[in-house]
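Residue strings, one per chain:
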Amino acid sequence: MTEPRPPARLSPAEVGDAAAWFSRTYTGWTWPELLRALDAVLPGDVAREVLPSLLMLPREPRHPAAALRRVLRPWTAPAPQLATMPVPARRDTVAEDLPALYSVREVADWLDLTVGELEWFADHGGWLRTASPSLRHYRVWTREKRDGVRVIEAPKPRLREMQRRILRQLVSHIPAHRAAKGFVPWSSTADFAWPHSAKAIVLRADLRHCFESITAPRIADVFRRAGYPPTVARLLADLCTTASPADKLRGVPSEHAAYLRGRHLPQGAPTSPHLSNLVMRSLDRRLYGYAAANGLTYTRYGDDLALSGHEMNADRALWVVLKVIASEEFTVHAGKVRVMRAHQRQTLAGLVVNDRPRVRRADYDNLRALLHNARRSGASSQNHAEHPDFRAHILGLIAWVGASDPVRRERLLRMADEVDWEA
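Residues numbered from 1 in each chain as written. Predicted model: local features only at pLDDT ≥ 70, side-chain atom pairs only at ≥ 80, totals over all residues. Heavy atoms only, no water.

Asker: Got a minute to help me understand the overall build of the chain in this structure?
Answerer: The number of helices and strands found in the chain is 17 helices and 10 strands. Every one of the 423 residues in the chain was classed for burial, and the buried ones make up 46%. By sequence separation, contacts in the chain at least 24 residues apart represent 70% of the contacts at least 6 residues apart. Summing over all exposed atoms, the chain offers an accessible surface of approximately 22,100 Å²; the carbon and sulfur share of this is 53%. (Helix = DSSP H or I, 4+ residues; strand = E, 2+ residues; numbered from the N terminus. Buried < 20%, exposed > 50% of the residue type's maximum accessible area, 1.4 Å probe, protein only. Contact = heavy atoms within 4.5 Å. Areas by Shrake-Rupley, 256 points an atom, 1.4 Å probe, with all protein chains shown as cover.)

If you want it as C-alpha cells, here you go:
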C-alpha cells in the first residue's frame, strides 16, 4: 500500500522563494545544519517532514535549490490554470532554476556586457574568422595524433569567463541522458566500462570529429528545447561556438577542415563537453531504448559508444548502431569499430573489461617503472614529452588507473609521494 500524499501547504511561489533562500542559507549537509536552514525558509512542520528526504539523497547535491524543489513537490499546491492559457512548448530535457532570459538585453545584463559587446563576442556574421589574430576570441593550435591532428580552440579570458558563467548557471542545470558517462560530475571511464564487464559480446564504436560535427543550429536547438526563445537560443549558441580562421587550417586534412570552417563546438571551451552530451541526448535515447528492448546494455563516454550483452546478434546490433549514428548526423570512425567476444581482449576507454574494468597490466607496469626511475633520478629525467606540469600529468594518470582499482592507486600514490618533483 502506498503512503498517502501529504496535504498541499505551499504555493509554487513560496516553494520558489524557499528554494532560492535555502541555497544561500545552508552551511553543510548534516542533520542540524540542514534543519537550521530549512527552519529559516519553511514552516516548522514542513521543514521536519522534508529533512529526511534530503538526507536520503546519495550525496550532497550540486544544486541544493533544485533538490529542495524536488522534495517539496508533494507539499505544493498546483498553480491555478486559466482556460485560455496557451499550452507551453514540449521540452525534451528537464531543467530547473535556469536564468530567465527572454531578450538580447537580458542576456547582455546577465553577462555584464553592453548589447554591442555581446554582439561582438557572439560574432553572428563570422567576420572575426578573417580578422587579425588580436581581434579574434580564440587561440588556435594543433596537436598531432595517430590518425591526423587535433585542433584546440581555447577562448581568450573574457569569453572564457562568459562561457564559464553559461556553464555554471545554465548548461550544467540541463541533465544529460543517463547513458552518458563522460563529462558528467562524479563519473569516470570506469563508470562507462563497468556495465559491460564479463559480457559475452562487447560492441564498441567511435565517433569521428565529434565536437567539430556539432553545429551552431544544433546547439541553438538545445537552448530552445530548454525553453528559450529562438533569438536568445541562437545568441547563446553563437557564444558557445566558433568558425576556425582559414590561416589556422593549414596542414589540417581537408575532410577535417570542412567541419571547422563552419560554426562548431570548439575543443577547449568549457561549455563544449556538456553541450555535446545534450546534443547527443537523442542518440543516447534511441540506442538506450534499443538496448533495453533487447536485453542489452548501452553507455557512452564522450565519442566512445559501447553496447554489450550475453546473448546478442552482433551483426544486427552493429547495423542498428551505425544506422542511428548516421541518422543523428554523426560519422563513425571506421577504424575503431570493434565486436569483441569473451575469448578476446575486450577494451573500452583503455580499460580491459573481460572480468572487471582494469587498466592493462602493461600500462600499469610502465607507470610504476616511470615512478621508480623518477624516485631514483628525479622527475625531470622521465619528462621526455616536456609536460609543463609533469607532477599534475602523472597524478592524472594515477587517477585514471585508480578509478577502477583503488589498491593500485594507493600503491602508485605512495611511490609518487617519494619523488622529488623539483629535480
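Asker: Could you clarify how one ought to interpret the packing of helix α15 (residues 361-377) against helix α17 (residues 406-417) in this entry?
Answerer: Two quantities define a packed helix pair, namely the angle between the axes and the distance from one axis to the other. As a packed pair, α15 and α17 sit with axes 9 Å apart at the nearest point and diverge in direction by 20°. As the angle between them shows, α15 and α17 are arranged roughly parallel. The handedness of the crossing between α15 and α17 comes out as left-handed. From α15, R361, Y364, L367, R368, L371, H372 and R375 reach across to α17, where they touch R408, R411, L412, M415 and A416. In the contact of α15 with α17, the residues fall into six nonpolar, one polar and five charged. (Axes fitted to C-alpha atoms, helices over the stretch in contact; angles between N-to-C directions. Parallel < 35°, antiparallel > 145°, perpendicular 65-115°, else oblique. Left-handed = near helix turned anticlockwise from the far one by under 90°. Nonpolar A, V, L, I, M, F, W, Y, C, P; charged D, E, K, R; others polar.)

Asker: What exactly am I supposed to notice about the environment of D112 here?
Answerer: With respect to the secondary-structure elements, D112 resides in the loop between α5 (104-110) and α6 (115-122). Sequence separation of D112 and M162 is 50 residues, and the distance between their C-alpha atoms is 9.1 Å. Separated by 3.2 Å, the side chains of D112 and R165 make a polar contact. (Polar contact = N/O pair within 3.5 Å; in protein donor to acceptor, adjacent residues only side chain to side chain.)

Asker: Any chance you could explain the packing of aromatic side chains here in plain terms?
Answerer: For any pair of aromatic rings, geometry is given as the distance between the ring centres together with the angle between the planes. Overall, the coordinates contain four aromatic pairs when judged by the stated rule. Stacked on the ring of F330, the Lys or Arg R218 has its end atom at 4.6 Å from the ring centre. Geometry around Y364 places R408 over its ring, the cationic atom sitting 4.3 Å from the centre. (Phe/Tyr/Trp six-rings, centres within 6.5 Å; stacked < 30°, edge-to-face > 60°. Lys NZ or Arg CZ within 6 Å of the ring centre and 35° of its normal.)

Asker: Would you take a moment to explain the side chain of H274 for this structure?
Answerer: Within the element layout of this structure, H274 appears in helix α12 (residues 272-279). Look at H274 and you get buried, because its relative accessible area is 10%. Those residues in contact with H274, other than ones at most four positions away along the chain, are L167, V171, S172, I174, A176 and F183.

Asker: I tried to follow the pattern of salt bridges on my own but got confused; where do I start?
Answerer: Opposite charge on two side chains lets them pair, provided their charged atoms get close. Going through the model one piece at a time under the given rule, you end up with 19 salt bridges. Linking R165 and D112 is a salt bridge whose minimum nitrogen-to-oxygen distance equals 3.2 Å. Of the two residues, R165 is situated in helix α7 (residues 157-169) and D112 in the loop between α5 and α6; the sequence distance between them amounts to 53 residues. For D112, a relative accessible area of 57% puts it in the exposed group. The salt bridge involving E410 is made with R409; its shortest N-O contact spans 3.8 Å. (Salt bridge = Lys/Arg side-chain N within 4 Å of Asp/Glu carboxyl O.)

Asker: Where do I start with the layout of surface pockets in this structure?
Answerer: The gaps of empty space that remain are located by a probe, the size of a water molecule, rolled over the atoms. Approximately 1,500 Å³ is the volume attributed to the largest pocket. Looking at the lining of the largest pocket, the elements that each hand over two or more residues are β2 (148-155), β3 (201-208) and α12. The element that contributes the greatest number of residues to the lining of the largest pocket is β3, accounting for four residues. In the lining of the largest pocket, the residues fall into nine nonpolar, nine polar and 14 charged. (1 Å grid on protein atoms, 1.4 Å probe; cavity = no way out; pocket = protein on both sides within 12 Å on 5 of 7 lines; lining within 4 Å. Points joined across faces, edges and corners; volume = space filled by probe spheres on them.)

Asker: What is the right way to look at empty space enclosed by the protein in this model?
Answerer: All told, the structure shown has two cavities of 30 Å³ or more when counted by the stated rule. D123, L128, Y138, T242 and A243 are the residues nearest the centre of the largest cavity, which is lined by 17 residues in total. When residues of the lining of the largest cavity are traced back to their parent elements, those giving at least two are α6 and α10 (230-239). For the lining of the largest cavity, the class distribution of residues is eight nonpolar, four polar and five charged. Here the second largest cavity defines a volume of roughly 50 Å³. Lining the second largest cavity are L203, R204, A205, L287, Y298, L305, A306, L307 and V321. If you list the elements that add at least two residues to the lining of the second largest cavity, you get β3 and β5 (304-309).

Asker: Explain a positive patch on the surface to me, please; I cannot follow it from the model alone.
Answerer: On the surface, R143, K145, R146, R150 and K336 cluster together to form a positively charged patch. Along the chain, the position of R146 falls in the loop between β1 (138-145) and β2. (Patch = residues over 30% accessible without salt bridge, like charges linked within 9 Å, V, L, I, M, F, W, Y side chains within 5 Å. Lys, Arg positive; Asp, Glu negative; His and termini not counted. Charge placed at Lys NZ, Arg CZ, Asp CG, Glu CD.)

Asker: Looking at this structure, I do not really get α6. What am I missing?
Answerer: Since the α-helix advances by 3.6 residues per turn, residues separated by three or four positions end up pointing in the same direction. Within α6, the full set of buried residues consists of L118, F121 and A122. End-on, the buried residues of α6 take up no more than an arc of 100°, which puts them together on one face. In the core, the buried residues of α6 are packed alongside α5, α7 and α10. Directly after α6, the chain includes D123, whose backbone phi takes a positive value near 50°. (Arc of directions from axis to C-beta.)

Asker: Looking at this structure, how should I read the nonpolar core?
Answerer: One recurring pattern in soluble globular proteins: nonpolar side chains tend to sit buried together. L111, L170, F223, L275, L307 and F330 are the most contacted members of the largest nonpolar core, which totals 68 residues. For this core, the element with the highest residue contribution is helix α14 (residues 314-327), accounting for seven residues. Ignoring sequence-local partners within four residues, the contact set of L170 consists of L98, P99, L101, W110, R165, F223, Y228 and L236. Among the nonpolar cores identified, the runner-up in size contains 23 residues, and L351, L367, A374 and A416 belong to it. (Core = buried A, V, L, I, M, F, W, Y, C linked by side-chain atoms within 4.5 Å.)

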